[in-house]
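# Fold and geometry: a report
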Amino acid sequence: MNIEQILPLIFAGIMGFALLVYIILDGYDLGIGMLLPLANEQEKDQMVASIGPFWDANETWIVLGIGVLLIAFPKAHGIILTTLYFPVTLMLIGLILRGVSFDFRVKAKTEHKKMWNNLFFLGSLIASVSQGWMLGFYVMGLEPSGLSFIYACAIAIALPVLYIMLGCGWLFVKTEGPLYIKATRWARLTVIPLGIGLFLISIGTPLASPQIAEKWLTLPAAIGLLPIPIITLIAFFTIIWALQKDKIMSKKHEWITFACMIVICIMSSLGLAYSIFPDIIIGQLTLWETASSTASLKFTLVGVAIAVPMIIFYTFFIYRIFSGKATELSYD
């Protein structure tokens, strides 16, 4: 392969990596936002404290992913963002609501704090559902139809469930005491809907998309792809095993749920990448048809080569600095 063919692959890899990291990192704090109404006031403060140092930085990854799409694949960016204009707008409204309510709940009087907590939940829910809708409609090739609508609705339900499970996993890592116990109850209630959703989407995606069915259900590809569903199943049943009462209360098992959810996200992303490649919009455009000029990609690669390691470094840095259990919420 020559440089003209390699550069779009590099940028597609960076974009995919950024969006995967976003799903995992912002996914858990969106999940915690959706769980907020189930907690009492003290527990709400604990939940906010568990994501406080990280949630804003987590959103850096979606900015990177969309930025790469704009710079490296401008034609695809125009089609995707134009087609998904409404859910993108809703997602931004949700993220703005989260940001505003997160800050204002700090300064709010007691009688107003409930309103900002509710808005944080609402913003988390709107952002999560919007992202699910966009993902589902994108997988269907951005083609408006009844089937695309049904599939997008299914993903709009499934993605928030995945986020909630990620949120429970994060609470196991960052909290203790009564909130930890509550998180186990929430996780046990969520894990079965998660499993049902993963199963139905795995079956429904090839049925809904002939292009994806051809890639997954023909030999020898079907055999080569078996590790993806097998590893996903192992991770899922490991979560169920870890949620047993005698396991979940052991400190050495507190990371298992979150780690297995990361594995499920990675396997799902690999499956999606295989389903789409070499297209950037299924059935419409390949990576090379929509890529910027080679000169532009070479120039941009210099900036990306500097920015991405820095983002990775400070992400690891803040997670290292604020590792351990979340302390009592304080605004002094």
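A short tour of the structure in this document, coming up. (Residues numbered from 1 in each chain as written. Predicted model: local features only at pLDDT ≥ 70, side-chain atom pairs only at ≥ 80, totals over all residues. Heavy atoms only, no water.)

### Looking at the overall build of the protein
A tally of regular secondary structure across the protein gives 16 helices and two strands. Taking all 332 residues of the protein together, the buried fraction comes to 49%. By sequence separation, contacts in the protein at least 24 residues apart represent 77% of the contacts at least 6 residues apart. By element, 74% of the accessible surface of the protein is carried by carbon and sulfur atoms, the whole surface being about 16300 Å². Charged side chains in the protein number 20 positive and 19 negative. The centres of these two groups are separated by 8 Å. (Helix = DSSP H or I, 4+ residues; strand = E, 2+ residues; numbered from the N terminus. Buried < 20%, exposed > 50% of the residue type's maximum accessible area, 1.4 Å probe, protein only. Contact = heavy atoms within 4.5 Å. Areas by Shrake-Rupley, 256 points an atom, 1.4 Å probe, with all protein chains shown as cover. Lys, Arg positive; Asp, Glu negative; His and termini not counted. Charge placed at Lys NZ, Arg CZ, Asp CG, Glu CD.)

### A look at the pattern of salt bridges
Counted according to the given criterion, the structure contains four salt bridges. Where R98 meets D29, a salt bridge forms, and the shortest distance between an N and an O atom there is 2.5 Å. Placement of the pair is R98 in helix α6 (residues 85-107) and D29 in helix α1 (residues 3-35), with a sequence separation of 69 residues. Grouping residues by exposure puts R98 and D29 together as buried. E41 serves as the salt-bridge partner of K44, at 4.0 Å between the closest nitrogen and oxygen. (Salt bridge = Lys/Arg side-chain N within 4 Å of Asp/Glu carboxyl O.)

### Some words on the side chain of S130
Relative to the assigned elements, S130 resides in helix α7 (residues 110-139). Under the relative-accessibility criterion, S130 is labelled buried at 5%.

### Considering the environment of T190
In this structure, T190 sits in helix α9 (residues 178-208). Between the alpha carbons of T190 and A213 there is a distance of 29 Å; along the sequence they are 23 residues apart. Discounting residues that sit within four places of it in the chain, T190 has contacts with V161, I164 and M165.

### As for the nonpolar core
Judged by nonpolar contacts, the single largest core of 98 residues is most densely connected at Y28, M47, F73, W186 and I280. Considering every element that reaches this core, the biggest residue donor is α1, with 16 residues. Look past the residues within four positions of W186 in its chain and what remains in contact with it is L35, L38, A39, M47, C168, L171 and L179. (Core = buried A, V, L, I, M, F, W, Y, C linked by side-chain atoms within 4.5 Å.)

### Concerning the packing of aromatic side chains
Using the criterion set out here, one finds 18 aromatic pairs in the structure. Relative to W61, the ring of F17 lies with its centre 5.8 Å away and its plane at 85°, an arrangement referred to as edge-to-face. Of the two residues, F17 is situated in helix α1 and W61 in helix α4 (residues 60-72); the sequence distance between them amounts to 44 residues. Taken together, the ring pairs in this structure connect Y28, F54, W170, W255, F258, Y319 and F322 into an aromatic cluster. Sitting over the ring of Y274, K215 keeps its end group 5.8 Å from the ring centre. (Phe/Tyr/Trp six-rings, centres within 6.5 Å; stacked < 30°, edge-to-face > 60°. Lys NZ or Arg CZ within 6 Å of the ring centre and 35° of its normal.)

### Digging into unusual backbone geometry
Across the junction of L219 and P220, the peptide omega takes the value 5°, indicating a cis bond. Mapped onto the elements of the fold, P220 is located in the loop between α10 (210-216) and α11 (221-224). Looking along the chain, the bond that leaves F277 and enters P278 is cis, with omega of 5°. By secondary structure assignment, the location of P278 is in the loop between α14 (256-276) and β1 (279-281).

### So, α4
Here α4 contains 13 residues, and its C-alpha end-to-end distance of 18 Å stays within 8% of the 18 Å for a straight helix at 1.5 Å per residue. Taken as a whole, α4 has its buried residues at W61, I62, L64, G65, V68, L69 and A72. Buried positions in α4, seen along its axis, are confined to an arc of 160° and lie on one side of it. (Expected span 1.5 Å × (residues − 1). Arc of directions from axis to C-beta.)

### Quick word on the packing of helix α2 (residues 41-51) against α9
Their axes nearest at 10 Å, the elements α2 and α9 cross at an angle of 80°. Compared by their axis directions, α2 and α9 come out roughly perpendicular. Residues E43, Q46 and M47 of α2 lie in contact with α9, whose contacting residues are P178, L179, K182 and W186. (Axes fitted to C-alpha atoms, helices over the stretch in contact; angles between N-to-C directions. Parallel < 35°, antiparallel > 145°, perpendicular 65-115°, else oblique.)

### Quick look at the packing of α2 against helix α8 (residues 146-174)
Direction vectors running N to C along α2 and α8 enclose 90°, while the axes themselves pass 10 Å from each other. Relative to α8, α2 is oriented roughly perpendicular. For the pair α2 and α8, the contacting residues are M47, S50 and I51 in the first and W170, L171 and K174 in the second.

### Here we look at the side chain of S128
Relative to the elements of secondary structure, S128 occurs in helix α7. According to the relative accessible area criterion, S128 is buried, its value standing at 0%. Those residues within four positions of S128 in sequence are excluded, and the remaining contacts are L30, M34, L159, P160 and Y163.

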